[in-house]
Amino acid sequence: MTVLATSVFRPGLLDGQVALVTGGGTGIGFGISKLLAALGAHVVIASRKPAHLAQALEEITAAGGKASTVMLDVRDQERVAASVAEIVATHGRIDVLVNNAAGNFYAPSATLSPNAWRSVMEIDLYGTFYCSQAVYPIMAQQGGGRIISTSMTLHYRGWPLMAHATAAKAGVDALTRTLAVEWAPQRIRVNAIAPGPIPTEGVRKAFAPPADSGVPDVFAATERHMEAYAAKGIPLGRWGTPEDIANMVAFLASPAGDWITGSIFVIDGGEWLAKPSA
Ligand code: HXC
């Protein structure tokens with residue numbers, strides 16, 4: 001598969017494994033789905049949007065990967081449980097869960113509506129819990145599994161206009177550490193990744209600041225400005241890619257991660273350490 005042409009991972013690394021990737025049809029999630037499929041896993045791509053599912057499925061299968069889709073809103077606990085039961089009925093197992101689905105946007109806390117707060121908390125935090133809880137019995141019964149959740153770095157110092165998302169992701173970090181210890185006896189490894197700035201379409205939308213907020217929209221800037229921002233604001237001098245994140249997920253999903261649990265990996269070219277505090 002073309003994805004493997006430049007990959008450090010060996011072909012067949014995840015042969016016979018089943019991976020569920022929420023929000024796996026676009027952006028970072030799709031990068032993860034593609035790499036796991038290229039390494040031999042059967043990837044179940046979950047998304048709320050049928051168009052995202054169809055396109056992702058076609059691309060992965062055209063490249064020779066094994067994949068299927070499930071239409072799923074991770075906020076709906078009953079649908080999450082039913083979807084996991086369907087996957088197990090079809091494939092017999094779930095080895096890897098990637099909690100990638102997220103919803104974020106810039107908005108002033110003073111006027112954030114209850115529904116806006118709830119939407120982001122429910123996608124980012126509740127969804128991560130619902131999916132993790134749903135795969136627990138099957139992973140425990142199999143003798144183990146890997147859960148990898150998506151966090152961020154903006155809550156390390158606080159980030160104006162993102163109270164909802166920073167609170168949710170701080171919760172994801174806490175959940176990761178707690179489940180790691182609670183489920184270690186079942187050999188379920190629970191880790192998280194904290195991506196830095198990756199200019200996918202979803203991130204560009206989420207990081208479009210409200211008008212008159214005074215926050216620069218770095219993602220809407222011209223190519224030249226984007227390059228200048230990366231050169232100045234990201235110590236490693238470039239924007240991230242979905243592949244940068246997918247590589248860490250593949251590492252954690254593989255036996256290379258066998259003694260890693262409860263860890264949160266920042267993958268950001270050093271951005272958060274260098275970023276001036278908000
Ligand atoms: C204020 C907003 C808003 C905004 C939505 N709302 N956008 N409030 N400012 N920009 C409010 C709505 O008015 C509504 O409240 C409530 O939020 C729910 O909105 P809906 O559109 O009805 O919800 P829904 O269709 O479920 O969409 C959920 C969503 C949406 C989170 C609002 O943005 C979404 O689906 N996003 C998914 C994709 C995404 O955001 N990906 C970004 C990932 S980037 P009221 O009160 O009006 O009913 C990421 C960054 C990583 O995670 C960090 C890198 C550093």
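All of the points below concern the structure found in this document. Residue positions within a chain follow its written sequence, with the count starting from 1. A pLDDT threshold of at least 70 governs which residues receive local features in this predicted model, and a stricter bar of 80 or more applies before side-chain atom pairs are shown or counted, although totals over entire chains, interfaces and linings include all residues. Where side-chain values are given, they derive from all heavy atoms of the structure, hydrogens and water being excluded.

Here's the deal with the environment of R189
When you line up the elements, R189 lands in strand β6 (residues 188-195). A relative accessible area of 8% places R189 in the buried class. Separated by 165 residues in sequence, R189 and G24 have C-alpha atoms that sit 20 Å apart. Side-chain atoms alone can form a polar contact between residues adjacent in sequence; in general such a contact is a pair of N or O atoms within 3.5 Å, and within protein one must be able to donate a hydrogen while the other accepts it. Engagement of the side chain of R189 in a polar contact is seen with the backbone oxygen of S254, the distance being 3.3 Å. A distance of 2.8 Å separates a polar atom in the side chain of R189 from the backbone oxygen of G257. Counting from the N terminus, the helices are the DSSP runs of H or I reaching at least four residues and the strands are the DSSP runs of E reaching at least two. Only protein chains enter the area calculation, which uses a 1.4 Å probe; residues under 20% of their type maximum are buried, those over 50% are exposed, and those in between are partly exposed.

Thoughts on the site of the ligand
We call a residue near a molecule or strand when any one of its heavy atoms sits within 4 Å of it. Around the ligand lies a shell of 20 residues, among which R48, R75, N104, S113 and N115 are the nearest. Measuring from an oxygen atom of the ligand, one finds a side-chain N or O atom of N115 at 2.8 Å. Residue burial considers only the protein chains on display, and all accessible areas are found by Shrake-Rupley using a 1.4 Å probe. When the free accessible area of the ligand is taken as 1100 Å², the share hidden by the protein chains comes to 60%. Elements with a minimum of two residues in the shell around the ligand: α5 (114-142) and α7 (201-206). Ranked by residues supplied to the shell around the ligand, first place goes to α5 with four residues. Residue composition of the shell around the ligand, by class: 11 nonpolar, seven polar and two charged. Residue classes follow a fixed rule: Ala, Val, Leu, Ile, Met, Phe, Trp, Tyr, Cys and Pro count as nonpolar, while Asp, Glu, Lys and Arg count as charged, and any other residue, Gly among them, counts as polar.

Focus on the nonpolar core
Think of a nonpolar core as a cluster: buried Ala, Val, Leu, Ile, Met, Phe, Trp, Tyr and Cys residues, connected wherever their side-chain atoms sit within 4.5 Å. In terms of nonpolar packing, the biggest core is built from 34 residues, with I32, L36 and L39 touching the most fellow members. Those elements giving two or more residues to this core turn out to be β1 (18-22), α2 (27-38), β2 (42-47), α3 (50-62), β4 (96-99) and α9 (242-253). The dominant element in this core, judged by the number of residues it contributes, is α2, at seven residues. By definition, residues are in contact when any of their heavy atoms lie within 4.5 Å. Those residues in contact with L36 that sit more than four places away from it in its chain are L14, A19, V21, A41, V43, V98, V249 and A250. By size, the runner-up hydrophobic cluster in this structure holds 30 residues, among which are A101, L125, A180 and I188.

Topic: the side chain of S151
Along the chain, S151 turns up in the loop between β5 (145-150) and α6 (163-182). Only 2.6 Å separates the side chain of S151 from the side chain of D173, close enough to count as a polar contact. Those residues within four positions of S151 in sequence are excluded, and the remaining contacts are K169, V172, D173, I193, A194 and P195.

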